[in-house]
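Here's the letter readout for the chains.
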Amino acid sequence: MNKAKPFSIAKKEVWQAYKRVRSNQGSAGVDGQTIEGFEKDLSNNLYKLWNRMSSGSYFPPPVRRVEIPKLDGRLRPLGIPTVSDRVAQMVVKQRLEPELEPYFHSNSYGYRPGKSALDAVGTTRRRCWRYSWAIDLDIQGFFDNIDHDLLMLAVKKHTDCKWIQLYILRWLRAPVQLPDGCLIERGRGTPQGGVISPLLANLFLHYVFDKWMEREFPSVPFERYADDIICHCVSEDQAKFVLGAIRKRMAECKLELHPDKTRIVYCRDDRRRGRYSHEKFDFLGYTFRPRPSFTKSGKQFVGFNPAVSNKAMKAMRKTIRSWNLKRRTNETIEDFAKMYNPIIRGWINYYGSYCKTVLYQVFKYLDVVLSRWAKRKYKRIKGRQRRAIHWVKRIIIRQPHLFAHWRFIYAWARR
């Protein structure tokens with residue numbers, strides 16, 4: 001460590017940050033430099049970054065704006081920092097996250113070590129059994145509307161490290177570069193896609209929502225994954241009162257609840273009579289609603305349970321179509337299994353945790369796509385869809401472990 005530098009940042013911290021950024025991969029920023037390009041002069045690039053951060057002369061470049069499709073068909077704006085800027089943000093995150101983590105609420109699940117989206121889904125499921133009413137909260141444009149002054153107050157509450165405060169403020173103020181090259185100055189918000197953004201978002205909502213709920217409504221449990229929030233209430237009147245208070249709290253912190261997506265939901269099941277205008281909600285890719293269920297003895301009842309959402313299944317089918325299998329007749333079915341099993345396993349591991357039979361629809365569709373590929377590839381079944389479907393079934397019997405979803409769907413294939 002260089003004593004002459006005003007800020008005490010070890011070279012080892014920059015190296016460790018780079019390794020984490022490299023493992024996460026990611027796209028190029030405004031300079032067009034990929035991780036591979038950054039590594040061509042790795043030692044020099046890391047040294048320059050360390051030198052500038054340690055001297056206080058590091059200024060982040062603009063963030064590249066890209067838009068990715070959401071499950072509902074709309075576009076989500078992302079801000080992609082350069083590779084070197086992602087490393088710099090990781091340096092700060094490595095220092096700041098251990099300081100913040102002990103203070104975060106137990107009901108906050110997003111982007112935290114040892115917590116996952118499935119943990120949040122499981123907790124939501126249990127609480128929907130205990131509480132008859134849920135509030136599905138949607139903060140409109142959350143990442144784009146975080147107030148910088150309020151966020152910096154929270155940062156300064158947890159660290160007096162001057163260089164951490166300095167660089168966080170510079171990242172918040174860094175302009176956004178649009179695809180046409182235009183620069184937009186930012187007076188609020190933190191771009192989704194930045195390494196430090198999820199941590200800052202959690203810190204902001206920790207004070208705006210988590211601590212406030214703990215103080216104002218200690219009997220109302222909730223699950224929060226970043227800005228996706230579900231609250232649980234014992235009655236409709238309580239839900240209306242709590243929602244009104246939350247709406248006012250958000251306005252005080254310069255945020256707004258989405259008028260159409262925020263709603264009160266009745267968690268109807270066999271024990272809860274009556275109907276309500278909203279009896280389902282989506283949370284983290286799952287739809288919670290009344291569903292047929294079975295006891296251990298086989299008796300059927302209606303329970304309020306999660307299963308993969310229609311939006312998520314639509315996105316998976318879109319991904320399958322993007323593989324364009326039916327035109328790739330020069331490849332074998334074994335080639336497809338090798339290429340796409342990691343993606344299929346990811347879907348199974350996440351969406352197959354609850355009411356997995358709903359997910360079968362997606363994999364049945366994949367098998368139909370494979371049959372269409374076979375129909376074009378093999379002359380003996382060319383143009384005959386029923387024969388092609390039987391061909392896929394014979395492959396399933398002969399090679400039940402070839403595709404991950406075959407073991408998932410068919411019990412005999414798991415042996």
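Going by the structure above, here's the rest.
This one's a predicted model, so the numbers in the text were calculated from it and none came from an experiment. (Residues numbered from 1 in each chain as written. Predicted model: local features only at pLDDT ≥ 70, side-chain atom pairs only at ≥ 80, totals over all residues. Heavy atoms only, no water.)

Draft legend 1. View of the sheet that holds strand β1 (residues 63-69). On the basis of which strands lie adjacent, the open sheet formed by four strands has the order β2-β1-β4-β5 and mixed pairing. Each edge of the open sheet carries a strand with a single partner, namely β2 (75-80) and β5 (183-184). Two elements, strand β4 (residues 176-177) and β5, share two bridges in a ladder whose sense is antiparallel. Bridge pairing in β5 links Val176 to Ile184. (Pairing = 2+ DSSP bridges. Helix = DSSP H or I, 4+ residues; strand = E, 2+ residues; numbered from the N terminus.)

Draft legend 2. Spotlight on the pairing of strand β7 (residues 228-233). Of all six residues in β7, five are buried; the element is thus mostly enclosed. When strand β6 (residues 222-225) meets β7, the two strands line up antiparallel, connected through four bridges. When the sheet's bridge partners are listed, Phe222 is paired in β7 with Cys231. The hairpin formed by β6 and β7 contains two residues between the paired strands, and Ala226 there has a positive phi angle of roughly 55 degrees. (Buried < 20%, exposed > 50% of the residue type's maximum accessible area, 1.4 Å probe, protein only.)

Draft legend 3. Focus on a positive patch on the surface. Where like charges cluster on the molecular surface, the positive patch consists of Lys326, Arg327, Arg372, Arg376, Lys379 and Lys382. For Lys379, the location among the structural elements is in the loop between α13 (360-377) and α14 (385-398). Relative accessible area serves as the criterion here: at 79%, Lys379 is assigned to the exposed category. (Patch = residues over 30% accessible without salt bridge, like charges linked within 9 Å, V, L, I, M, F, W, Y side chains within 5 Å. Areas by Shrake-Rupley, 256 points an atom, 1.4 Å probe, with all protein chains shown as cover. Salt bridge = Lys/Arg side-chain N within 4 Å of Asp/Glu carboxyl O. Lys, Arg positive; Asp, Glu negative; His and termini not counted. Charge placed at Lys NZ, Arg CZ, Asp CG, Glu CD.)

Draft legend 4. Molecular detail of the sheet that holds strand β9 (residues 281-283). Read from one edge of the open sheet, three strands run β9-β10-β11, paired in antiparallel fashion. Each end of this open sheet is capped by a strand with a single partner; those strands are β9 and β11 (300-308). Across this sheet, the average inter-strand angle for adjacent strands is 50 degrees, counted without regard to direction. Where β9 meets strand β10 (residues 286-294), three bridges bridge the pair, whose relative direction is antiparallel. (Axes fitted to C-alpha atoms, helices over the stretch in contact; angles between N-to-C directions.)

Fair warning: the whole summary comes from geometry, so function is off the table for now.
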